[in-house]
Number of protein chains: 2
Amino acid sequence: MNCPETIAKWGVYELSVAGPADGNPFLDHWVRADFAGENEKVTVDGFYDGEGIYKVRFMPSFEGAYTAVITSDFGEELRVGFHVTAPQEGNHGPMRVTNNYHFVYEDGTPYFSIGTTCYAWVFQKEELRRQTLEQLKDSAFNKIRFCLMPKHYIHNLVDPVTFPYEGTPIDRSHITEENFMTGNWPYDYDNHFDYTRLNPEHFRLLDEAIASLGELGIEADLIVMHPYDCWGFSKMTRQQDDLYWNYVVARFAAYRNVWWSLANEWDLLREKTVDDWEHYAQILIDKDPYRHLRSIHNCIQVYDHTRPWITHCSMQRTDLYKTTELAGEYRVRYGKPIVMDEVAYEGNIEQGWGNITGEEMIRRFWEGICNGGYVGHGETYIDPEDILWWSHGGKLHGTSNERLKFLAEFAKTLPEGGLKPVKMAWDASCAVPEGEMMTGQESPSLILMYLGFNRPSFRLWTLPEGSYQIDIIDTWDMTITCAGVFKGFSHIDLPGKQYIALCAHRVDAD
Amino acid sequence: MNCPETIAKWGVYELSVAGPADGNPFLDHWVRADFAGENEKVTVDGFYDGEGIYKVRFMPSFEGAYTAVITSDFGEELRVGFHVTAPQEGNHGPMRVTNNYHFVYEDGTPYFSIGTTCYAWVFQKEELRRQTLEQLKDSAFNKIRFCLMPKHYIHNLVDPVTFPYEGTPIDRSHITEENFMTGNWPYDYDNHFDYTRLNPEHFRLLDEAIASLGELGIEADLIVMHPYDCWGFSKMTRQQDDLYWNYVVARFAAYRNVWWSLANEWDLLREKTVDDWEHYAQILIDKDPYRHLRSIHNCIQVYDHTRPWITHCSMQRTDLYKTTELAGEYRVRYGKPIVMDEVAYEGNIEQGWGNITGEEMIRRFWEGICNGGYVGHGETYIDPEDILWWSHGGKLHGTSNERLKFLAEFAKTLPEGGLKPVKMAWDASCAVPEGEMMTGQESPSLILMYLGFNRPSFRLWTLPEGSYQIDIIDTWDMTITCAGVFKGFSHIDLPGKQYIALCAHRVDAD
């Protein structure tokens, strides 16, 4: 048995016990532990990690003395004690919803989400995985969406380095662009996998990925299921799914930076019913004692986001033209944080979801923010080796990354508690601090106005009562220029360029 | 009496008779004429043109011998005969709706509408009016929207060269940007005009404008009423309105290139009710024997476009982001030609309707066309003398004009009868010839696909049965490149730029 004596708060406390390796340990045996400290009592399931090793993971939420009681179907009850120390620097705990529409780390540190997507980066060769982490370091991203299962899709026809189950993958070497796109190849593949025998090596790669992201201060938005499959992982039985879900929760829930995304494009998983999704959600409710954030991401049909287990809306845009501009409407409809994770990706591939310009990507970010939401990035540039950030990670080639760093720096200057959209102009998206202008009359402490693709050479603005310093933010050329202090009806000269935001700060006392 | 012996078909045949100049000739007297040829009998009202001259105008729709019988309350019945000759070159007759959603001249010549807007160009100084006509010659525009009344609005605070009524205008010299925009000046102006005494000089300028446009092959989309007023012209009584409407119809209906736009932004004419608009429409139905096209243009609220007197939808976009992309939906809703006359203007002024880029303007044109509609241009660049094309005419400064000429040339290669939108791709707007693909299955003779702001470096396209030559149209750089002949699943290399259209022509026999 391996039982460390100390662990930092919000760290992963891991116990290992030896047990039977014969038969099917995933089905035949169980292990769990009761953790108790002065302020919490938590029971968590363990999981089999191969070679006769069973593990239990726990994330303590308080400092001080803890005890653990380990039970299993194969060994004696074991008791250990350990001490939880102060959190490591940079560990602010798991993510919570605050002010209805926003996020905050458990320690109260504000979180302004700027996400990206690299669906299958974990299952690429080590060199590429390292490159992805290096690139993430050189970015503003504080969240990344990725899959727990490998991905079968166009630009994704090279096998992953590991599979989640024991077995042999079908041969995909004969699949061309044409027969993939037209569906003209045998989708009724033979089952080459044993869906009751998970592959611990695969999940260790995920452990490593989640932990590395945590060190970089990046949230790991785990996509538990997805439809881009030719191996049968999306068509397992309820029992097989249960085995998978329970394994995933037992293994990953103790990482403080985990978010659960039940699915990518849930509505394309034709074999699964709403009852299935509600059932998976119930597993999370029952088995994740840390209440990590939960979402379910759509392709065409948005899941019923009023469901109480959904903590925030993780959305793909459903209109080709209006994307993050709708965040304000979604706020009203769902009353939850709006994260528009998929608004098309910067790139030049053949499909409309992957060939917008950097300018359009950045425009969608600012529209989303001024509509009280958050936005996700992705990048899909044609690559000679078919390494596209969106799926494989690697290096960024686009123009939006620098502008997102600029946005992240600007976001640090915004008041804590987030922004809410207000109707102050018919031709611009405007936001004020959440909780202000509740009657619509008071003068807000700050107004952020985004002019988008319009390019006025000046703006006439009748300001609310009080004096406002107005900064002109060139969101593309990344400059902030103070235009002066204004009062009442104001004529503000502007550069006559696209992608300008105005930030008005109230400068007189109330 | 002045009665020409011949007139060309679809020309303006004008009779003049002398009559009383004392009292109020507009109210006190009437003149009308019955015209008869072998194929038509038409009765039209005349109008007073000042200095004791009364006129009756008629547009013959057939060649051959005609007679006219003129009656009035002040003179004897007069009879004249005249001969209608073949139409002048370039005169294709008045505009008609064809194929439900499209336009055609009465002689069967197809008309692909590319409009522009210069609201008050007629009431500018002569030099500027001449410049406007010169610029129109150097353009693709075959329709122009303009007002019959002068315009009071920001950038429109200099008095027009004429007023439609006898009287003295109020002094606007004290109006500033601020008090105009904030409404902080006396809108309850004194009435300085006699709304029963029209000013023939004003209307002669309009005659001249309509005739000049006709010579250039440009349709005159006459905006009869509008709300940008400080002289009371938008707040007249029902009787005063009737005088005005009847005068306008009697004076202008005989010009073959007239379209009636009942109002610009009808919903901002707060004094007028739906009953008023239906009443004006009835005047047109009763008094315009040529059945010129009739529309009514919105600001926010679209008029009920299912009304039978509305021949086509003249629309302002009601969404800041989605404009001409909605033309297809409007077609379904209204079953009439969709002319999106106001989709924001190329320029850099302070307001969101007047500061889009040339690229965005051109994008909106192509989206509109691929959605089975037509689009209108306008330009609003800040000018040291406040001469903005949108209102004053003059010279164009933008980048869209050249691209619209390119579009017009391309449009000549399209099949007659117009395009209809079809859903062939989720990420591109596609159109085929009107009347084709009625069951959705047949292979169309032509497919126009617009990729808009997306910029794929190639496109995968499973073509309908048959062989198609595919042309790559760079709508911005104005090139057309043949990509080759394709069949079935096709991989088409593209330049990876925005604003690309593909035009697929079926090249094998059916």
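If you're wondering where the values come from, they're calculated on a predicted model, not measured in any experiment.

Novice: Lay out the overall build of chain A with the relevant residues and their values.
Specialist: Scanning chain A for helices and strands turns up 10 helices and 28 strands. Relative to the globule expectation of 24 Å for 510 residues, the C-alpha radius of gyration of chain A, 24 Å, shows essentially globular dimensions. Seen along its three principal axes, the alpha-carbon backbone of chain A occupies a region of about 80 × 60 × 40 Å. Here chain A, with 510 residues, has 63% of them falling under the buried criterion. Within chain A, counting contacts between residues at least 6 apart in sequence, those at least 24 apart form 70% of the total. Each charge class in chain A was averaged separately, 45 positive and 75 negative side chains, and the resulting centres sit 3 Å apart.

Novice: Explain the relation of the copies chain A and chain B to me, using residue names and the numbers behind them.
Specialist: Superposing chain A onto chain B requires a rotation of 180° together with a translation of 0.0 Å along the rotation axis, leaving an RMSD of 0.0 Å. When the rotation and shift are considered jointly, the pair of chain copies conforms to a two-fold rotation axis. Same-surface contact between copies: 100% of interface residues of chain A are shared with the interface of chain B.

Novice: An account of the sheet that holds strand E9 (residues 102-105) of chain B is requested, with residue identities and associated values reported.
Specialist: Residues and elements named next belong to chain B. Spatial strand order, E8-E9-E10: three strands in an open sheet with antiparallel pairing. Single-partner strands in this sheet number two, and they are strand E8 (95-98) and strand E10 (110-111). Two elements, E8 and E9, share four bridges in a ladder whose sense is antiparallel. Its bridge partner lying in E9, Val97 is registered against Phe103.

Novice: Let's hear about the UniProt feature "domain: DUF5605" (unreviewed entry) in chain A: which residues, and what values?
Specialist: According to UniProt, the feature "domain: DUF5605" (unreviewed entry) maps to residues 441-502 of chain A in the numbering used here. Here residues 441-502 of chain A is 0% helix and 65% strand, with 20 Å between the C-alpha atoms at its ends.

Novice: Quick rundown of the domain arrangement of chain A? Include the residues and the values.
Specialist: Per the domain assignment, the segments making up chain A are domain 1 (6-85), domain 2 (98-412) and domain 3 (419-506). Relative placement of domain 1 of chain A and domain 3 of chain A: their C-alpha centres are 53 Å apart.

Novice: Now, about the packing of aromatic side chains: what can you tell me, with residues and values included?
Specialist: Two numbers describe a pair of aromatic rings. These are the distance of the centres and the angle of the planes. Residues and elements named next belong to chain B. If you walk through the whole model with that rule in mind, you get 86 aromatic pairs over all chains. A ring pair is formed by Phe26 and Tyr48, whose centres lie 5.2 Å apart and whose planes are at 85°; its orientation type is edge-to-face. Residue Phe26 is located in helix H1 (residues 25-28), and its partner Tyr48 is located in strand E4 (residues 41-48); the two are separated by 22 residues in the primary sequence. As far as the burial class goes, Phe26 and Tyr48 line up, both buried. Between the aromatic rings of Tyr153 and Phe180, the centroid separation amounts to 5.8 Å while the plane-to-plane angle is 80°, which identifies the pairing as edge-to-face. Here Tyr153, found in the loop between strand E12 (143-147) and strand E13 (165-167), pairs with Phe180, found in helix H3 (residues 177-181); they are 27 residues apart in sequence, far enough to count as distant. Note on Phe180: relative accessible area 9%, which makes it buried.

Novice: Hey, could you go over the interface of chain A and chain B for me, with residue numbers and the actual values?
Specialist: Taken residue by residue, the interface counts 44 residues in chain A and 44 residues in chain B. Note on chain A versus chain B: buried area summed over both sides is about 3,600 Å², and carbon and sulfur give 59% of it. At the boundary of chain A and chain B, one finds two salt bridges. One salt bridge connects Asp319 of chain B with Lys322 of chain A, and the closest N-O pair in it is separated by 2.4 Å. At the boundary of chain A and chain B, one finds 22 residue pairs in polar contact (both at pLDDT 80 or more). Elements that contribute at least two residues to the side of chain A that touches chain B include exactly helix H3 (177-181), strand E20 (346-347), helix H8 (358-370), strand E26 (458-474) and strand E27 (479-493) of chain A.

Novice: Residues and numbers for the pattern of salt bridges, please.
Specialist: All names here are of chain A. Scanning all chains against the criterion turns up 69 salt bridges over all chains. Linking Asp207 and Arg57 is a salt bridge whose minimum nitrogen-to-oxygen distance equals 2.8 Å. You can see Asp207 sitting in helix H4 (residues 200-215) and its partner Arg57 sitting in strand E5 (residues 53-58), a full 150 residues away along the chain. Judged by relative accessible area, Asp207 falls into the buried class, the value being 7%. Exposure remark for Arg57: the relative accessible area of 4% places this residue in the buried category.

Novice: Quick one: what's the story with the nonpolar core, residue by residue and with numbers?
Specialist: In terms of nonpolar packing, the biggest core is built from 130 residues, with Tyr244, Phe252, Trp366 and Leu448 of chain A touching the most fellow members. Excluding its chain neighbours within four sequence positions, the residues that come into contact with Trp366 of chain A are Phe406, Leu407, Phe410, Leu448, Tyr450, Ile473, Thr475 and Ala501 of chain A. Counting residues in hydrophobic clusters, the runner-up holds 121 residues, among them Tyr54, Ala220, Tyr303 and Ala327 of chain B.

Novice: Before we move on, could you go through the environment of Thr43 of chain A and cite the residues and values that matter?
Specialist: Residues and elements named next belong to chain A. Residue position: Thr43 is located in strand E4 (residues 41-48). Thr43 gets classed as partly exposed once you look at its relative accessible area, which sits at 45%. Sequence separation between Thr43 and Val69 is 26 residues, and the spatial gap between their C-alpha atoms is 9.3 Å. Filtering out sequence-adjacent residues up to four positions away, Thr43 remains in contact with Arg32, Ala33 and Asp34. Side chain to side chain, Thr43 and Asp34 meet in a polar contact 2.4 Å long.

Novice: For the sheet that holds strand E11 (residues 114-117) of chain A, give the residues involved together with the corresponding values.
Specialist: Residues and elements named next belong to chain A. Read across the sheet, eight strands follow the order E17-E16-E15-E12-E11-E21-E19-E18 without closing on themselves; strand pairing throughout is parallel. Two strands close off the open sheet at either side, each with one partner strand: strand E17 (294-295) and strand E18 (313-316). Inspection of the sheet shows E11 paired to strand E21 (residues 374-376) by two bridges, in the parallel sense. Across the sheet, residue Gly115 finds its bridge partner in E21, namely Gly376. Sheet strands in contact with H4 are strand E12 (143-147), strand E15 (219-225) and strand E16 (258-263), and its direction is about 175° off that of E12.

Novice: I'd like a rundown of the packing of H4 of chain A against helix H5 (residues 238-252) of chain A, residues and numbers included.
Specialist: All names here are of chain A. At a closest axis distance of 11 Å, the pairing of H4 and H5 adopts a crossing angle of 40°. If you check the angle between H4 and H5, you find them oblique. For H4 against H5, the interelement crossing comes out right-handed. Two secondary-structure elements touch here, H4 through Pro200, Phe203, Arg204, Leu206, Asp207 and Ile210 and H5 through Tyr244, Tyr247, Val248, Arg251 and Phe252. Class assignment of the residues belonging to the contact of H4 with H5 gives a composition of eight nonpolar, no polar and three charged.

Novice: Got a sec to walk through unusual backbone geometry? Specific residues and values, please.
Specialist: If a residue is not glycine, its phi is most likely negative; likewise, a peptide bond is most likely trans. Residues and elements named next belong to chain B. Residues other than glycine seldom take positive phi values, yet Asn99 does so here, at roughly 55°. Topologically, Asn99 is positioned in the loop between E8 and E9. Asn99 sits in the partly exposed class, given a relative accessible area of 38%. At Ala344, a residue that is not glycine, the phi angle is positive and equals roughly 80°.

Quick notes on the rules
Residues numbered from 1 in each chain as written. Chains lettered and ligands numbered in written order. Predicted model: local features only at pLDDT ≥ 70, side-chain atom pairs only at ≥ 80, totals over all residues. Heavy atoms only, no water. Helix = DSSP H or I, 4+ residues; strand = E, 2+ residues; numbered from the N terminus. Rg over C-alpha atoms; globule rule 2.2 N^0.38 Å. Buried < 20%, exposed > 50% of the residue type's maximum accessible area, 1.4 Å probe, protein only. Contact = heavy atoms within 4.5 Å. Lys, Arg positive; Asp, Glu negative; His and termini not counted. Charge placed at Lys NZ, Arg CZ, Asp CG, Glu CD. Least-squares fit on C-alpha atoms with pLDDT ≥ 70 in both. Pairing = 2+ DSSP bridges. UniProt positions renumbered as here; feature names shortened; annotations may be inferred. Domains from an automatic or database assignment. Phe/Tyr/Trp six-rings, centres within 6.5 Å; stacked < 30°, edge-to-face > 60°. Buried area = accessible area lost by both parts, 1.4 Å probe. Salt bridge = Lys/Arg side-chain N within 4 Å of Asp/Glu carboxyl O. Polar contact = N/O pair within 3.5 Å; in protein donor to acceptor, adjacent residues only side chain to side chain. Core = buried A, V, L, I, M, F, W, Y, C linked by side-chain atoms within 4.5 Å. Axes fitted to C-alpha atoms, helices over the stretch in contact; angles between N-to-C directions. Parallel < 35°, antiparallel > 145°, perpendicular 65-115°, else oblique. Left-handed = near helix turned anticlockwise from the far one by under 90°. Nonpolar A, V, L, I, M, F, W, Y, C, P; charged D, E, K, R; others polar.

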